[in-house]
Structure formats: C-alpha cells, structure tokens
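# Coordinate analysis (summary)
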Amino acid sequence: MAVEVRIPTVFRKLTSGESRAAVQPGTIGDLISQLDARYPGFQSQVLAEGGSLHRFVNVYLNDEDVRYLDGLETRAGEGDTVSLLPSVAGGA
Amino acid sequence: MKYKSILDSIGHTPLIEVPSLSPVEDVRLWVKLEGQNPTGSLKDRIALALIEDGEASGALTKDKVILEPTSGNTGIALAMVASTRGYRFTAVMPDNASSERIRLLEAYGAEIVFSEGAKGTNGSVARALEMARDDRYYMPFQYGNQANVQAHYRGTGQEILDDLPEIKAFVAGLGTGGTLTGVGRRLKEHDPSIKIVAAEPELGELVYGLRSLDEGYTPPIFDPDILDGKIKVRARESIVWTRALLQKEGIFAGISAGAVIWVAQRVAERLSSDGGGDIVCLLPDGGWKYLSTEAWTQDIDTAESQVEEVLWW
C-alpha cells in the first residue's frame, strides 16, 4: 500500500487533471519531491522560496494540519492520506 | 438577572458538562453555549466591541454606514448593535447563506449585498474591501481588527477561567481566528500548558477550486502560533455530532458545533494518555438558523448534501 495524495483543483494543471496520486511512504518533504519528479514544477508551487510551505497552502496528514505536527518532516506511512488545500477565509 | 439594555446581557454564557459525549472516563467535556447571547451567537461579543472601538477612535460617526463581510452571525450581531445605537448597517454575504440568516438580517433592518456563493467568505471579504473605499462606509473588519481578539481575551477567555481554572484544553472553530487567538492568549497566560486546538471546516471542492493561490487568505488577527493543533472536519462528521449533542444532551446547537465536538473526541483521547482533565468546547451558535438544511431530520446522506449546499461555517 502506498500513500494517497489528494491534489486540489488549483494544482491540477500540473498533474494533467489528476486529483489523486499514489506515492511511496516518507516525509511530507519526500512526498512533494516524488510528485515534483512526476509533475515538473509541482514543488515550486507548493513550497515558498527558502523551502518552507507556501503560506496559503495547508497540508494535512489524514485530517491534521502538518504545521502542528512536524511540518515537512512529518512522516506519512502506508495507508495514510495526505491532502493539500488552499487556505480560505473562515465563516464569521 | 436584570439588565439596563440588551447589550448589557451579552456574554456570561453557561458552561455545561456533557458527560455522555466524552470518549474516555478521565476526561470531562464542557460546552460553552454562545447561542445564549441576544442574537443567538458568540458574535454579539465582537459586534459590540467593534462598534465601541470605532466610536472610541472617532472613525465611526453617526453619518457613516457600517459595512462588514460576513457569512451571517457577525452580520446579525452588528445589525442588532447598530440599530440599538442608531447606525445603518450593510452586510456583504455569500448568496448561499441559509435563508434564516438572510431573514434575520432583514428583520434587524440590515441592507444586504450578496457576493458569489461559490467564492465563499473570501468573495465577501474581497467585495467588502472594494466597497469600503467609499468613505460613506465605516468597516470594522472583524478579520483584521484587534477589538475582535480583545473581546475574547477579556470576555470569553476570562469567563472560562472563572468557571474552570483547571482547564487542560480548549477547542473552537476557525473563522476569523479571533476566538482562538483571544481565548488562547488568555488561557496560556494562566497556564502555558493548556492546549488550544482548532476545528477547521473542509468545504466543498467548488469553494477551493475557483481560486488561485494568490487569492489565499489568512485573517490578519489570527495568530497561528497560539495553536497546538488544527484538525479539518467534513460536513458529515459535523452533522453526526451536532445530532449527538441534541439527542444525548438536549443541546440544540449550530452545525459547526458538531465539528468542535468531533475534534474534542481526538483531543480527549490524547489528554487521557497524558493524565486526563477538563476540555472546554466553544459552541458558537444555536441550531435555529440551520433548520432549513434539515440537518436533524433527514437521513445522513441527504442531510450532508443539503448542508454542503449552504454555508454551514
């Protein structure tokens, strides 16, 4: 079993419209590198200059924001789902 | 209780234990019922604080129209405070807000400008920022105004400490970030080991899909460093736990309350392995404004699709 990455609409122009990708287990940083090898330009969209996560991209391991886990070092194992979502204003 | 005006009755909401919703024996769950405020949500607290702040700074004068982007609750609260204080008020709201919110705003005398529902709250924020260039308007701007944070620091956060100084964790929904930042600061000042956890809605694909990353938005008042965790919740889990609140504890709360309770289940399990204790969940509003979604009455699949069609957060 692999790790499933869910790709939001905003990045699908890089993935030929694919909304899901299966990658090998590893850290979130590894996963992004794997996707960049498959879809050139992916990493530069998701990461900011300096290599941290883009401030308007949230990455979730299953349903938890990785910024509050170990960031790009957070490990995704077999069967986990990683979701990338653009940040949006909350209701209020 | 006797009050000089409706505005004086804002806050001091009940904190109620909900034993049947705790997944573990050594963790007690408490809910703070913000639906008990005058217009039925926690936003009465910030509406009063925002208007008083505008008056104090001199920026808000009687000739101005108050303008604010809102998915409903803040608008309804501002409409109430504005009419009580003699101001006109215009709300900028996504056109898929539930019909109860629209009717309530109209009842309180607000004007409504609709923004495109598919663009969610981001659309309302952008539209209101554009309109506010006209100096007829005074925009308190809850997403960027520290009066929002202060209302929760001095009010909500202090009330929780007065009632439950031994609190170990606090869970609330992420909207403007005002509640989490204000309450979080107050609680961590009291005890830095108190965990602050956000529940965040996972919205429909459409809401995320229509924008580019450059249109991303993080409210200026939200301090992400105050959080110890952020967990996203789908409409389905929110509905399930909103129903559980009603069926098991007799608490009729809005749909985002279910998301908070769901996140509290996770927090409770972690707290239990760390010695147990008390968790406070902030329930932002009552269920009244969501009755038309049939979240309580339909089978879960139908309820989920109905709720996803309206702005439930």
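Quick look at the overall build of chain B now. In terms of regular secondary structure, chain B is built from 10 helices and 10 strands. On C-alpha atoms alone, chain B measures out to a radius of gyration of 19 Å, which is about the 20 Å that the 2.2 N^0.38 rule sets for 313 residues. Expressed along its principal axes, the backbone C-alpha trace of chain B runs to roughly 55 × 40 × 40 Å. In chain B, the share of contacts with a sequence separation of at least 24, taken over all contacts with a separation of at least 6, comes to 73%. Approximately 12400 Å² of chain B is accessible, and the part contributed by carbon and sulfur atoms is 49%.

This part covers the overall build of chain A. Assigned secondary structure in chain A consists of 2 helices and 7 strands. Moving toward the C terminus, one meets the helices and strands of chain A in the order β-β-β-α-α-β-β-β-β. Expected size for 92 residues packed as a compact globule is a radius of gyration near 12 Å; at 12 Å, chain A falls within 12% of this value. Projected onto its principal axes, the C-alpha coordinates of chain A cover approximately 40 × 25 × 25 Å. Within chain A, the fraction of its 92 residues that count as buried is 52%.

We now examine the interface of chain A and chain B. Often, the extent of an interface is quoted as the loss of accessible area upon association of its parts. Facing the 26 residues of chain A at the interface are 37 residues of chain B. Across the chain A/chain B interface, buried area totals approximately 2500 Å², and carbon plus sulfur atoms make up 53% of it. Applying the counting criterion to the chain A and chain B interface returns 5 salt bridges. Put simply, Asp65 of chain A and Lys230 of chain B hold a salt bridge, and the shortest N to O gap is 2.7 Å. Where chain A packs against chain B, one counts 8 residue pairs in polar contact (both at pLDDT 80 or more).

This part is about the pairing of strand β2 (residues 27-33) of chain B. Residue and element names in this part refer to chain B. Of all the 7 residues making up β2, 6 are buried; the element is thus mostly covered by neighbouring parts of the structure. Note: strand β1 (residues 15-17) against β2, 3 bridges, orientation antiparallel. Bridge pairing links Leu15 to Lys32 in β2. Note that β2 and strand β10 (residues 277-283) share 7 bridges and pair parallel. Looking across to β10, one finds that Arg28 is bridged to Asp278.

Residues and elements named next belong to chain B. For the structure on display, the rule yields 4 aromatic pairs over all chains. On the basis of an interplanar angle of 45° and a centroid distance of 5.8 Å, the ring pair of Phe141 and Tyr143 is categorised as tilted. Assigned by exposure class, Phe141 and Tyr143 land together as buried. A ring pair is formed by Phe252 and Trp288, whose centres lie 5.0 Å apart and whose planes are at 85°; its orientation type is edge-to-face. Within this pair, whereas Phe252 is found in the loop between α8 (235-249) and α9 (255-272), its partner Trp288 is found in the loop between β10 and α10 (300-309), the two being separated by 36 residues in sequence. For Trp288, a relative accessible area of 63% translates into the label exposed.

What follows concerns the sheet that holds strand β5 (residues 111-115) of chain B. Residues and elements named next belong to chain B. The parallel open sheet is built from 4 strands, whose spatial order is β5-β4-β3-β6. The open sheet has two edge strands, β5 and β6 (137-138), and neither has a second partner. The sheet contacts of helix α4 (residues 120-131) involve β3 (65-69), β4 (88-94), β5 and β6, and relative to β4 the element is tilted by about 140°.

Residues and elements named next belong to chain A. Tracing the backbone through its elements, the reader meets Thr74 in the loop between β5 (64-65) and β6 (75-76). For Thr74, a relative accessible area of 4% corresponds to the buried category. Among the polar contacts made by the side chain of Thr74, one reaches the main-chain amide nitrogen of Asp70 at a distance of 2.8 Å.

Looking now at the pattern of salt bridges. Residues and elements named next belong to chain B. In total, this model carries 22 salt bridges over all chains according to the counting rule given. For Arg45, the salt bridge goes to Glu159, with nearest N and O atoms at 2.9 Å. In this pair, Arg45 is assigned in helix α1 (residues 43-57) and Glu159 in helix α5 (residues 146-163), connecting sequence segments 114 residues apart. Owing to a relative accessible area of 7%, Arg45 belongs among the buried residues under this scheme.

We now examine the domain arrangement of chain B. All names here are of chain B. Taken domain by domain, chain B comprises domain 1 (6-36 + 156-309) and domain 2 (43-138). Look at where the C-alpha atoms of domain 1 and domain 2 centre, and you get two points 24 Å apart. On the side of domain 2, 22 residues touch domain 1, which itself brings 24 residues to the contact. Of the roughly 1700 Å² buried at the junction of domain 1 and domain 2 (both faces included), carbon and sulfur atoms supply 55%. Considering only the side of domain 1, the residues that lose the most area to domain 2 are Leu7, Ile10 and Lys289, jointly responsible for 37% of the buried surface there. Arg45 is the partner of Glu34 in a salt bridge, and the nearest nitrogen-oxygen pair spans 2.8 Å. Taken together, the links from domain 1 to domain 2 amount to 10 residue pairs in polar contact (both at pLDDT 80 or more). Those elements that provide at least two residues to the side of domain 1 that touches domain 2 are α5 and α7 (205-209). When grouped by side-chain class, the residues that make up the side of domain 1 that touches domain 2 number 10 nonpolar, 6 polar and 8 charged.

Cut-offs and rules
- Residues numbered from 1 in each chain as written.
- Chains lettered and ligands numbered in written order.
- Predicted model: local features only at pLDDT ≥ 70, side-chain atom pairs only at ≥ 80, totals over all residues.
- Heavy atoms only, no water.
- Helix = DSSP H or I, 4+ residues; strand = E, 2+ residues; numbered from the N terminus.
- Rg over C-alpha atoms; globule rule 2.2 N^0.38 Å.
- Contact = heavy atoms within 4.5 Å.
- Areas by Shrake-Rupley, 256 points an atom, 1.4 Å probe, with all protein chains shown as cover.
- Buried < 20%, exposed > 50% of the residue type's maximum accessible area, 1.4 Å probe, protein only.
- Buried area = accessible area lost by both parts, 1.4 Å probe.
- Salt bridge = Lys/Arg side-chain N within 4 Å of Asp/Glu carboxyl O.
- Polar contact = N/O pair within 3.5 Å; in protein donor to acceptor, adjacent residues only side chain to side chain.
- Pairing = 2+ DSSP bridges.
- Phe/Tyr/Trp six-rings, centres within 6.5 Å; stacked < 30°, edge-to-face > 60°.
- Axes fitted to C-alpha atoms, helices over the stretch in contact; angles between N-to-C directions.
- Domains from an automatic or database assignment.
- Nonpolar A, V, L, I, M, F, W, Y, C, P; charged D, E, K, R; others polar.

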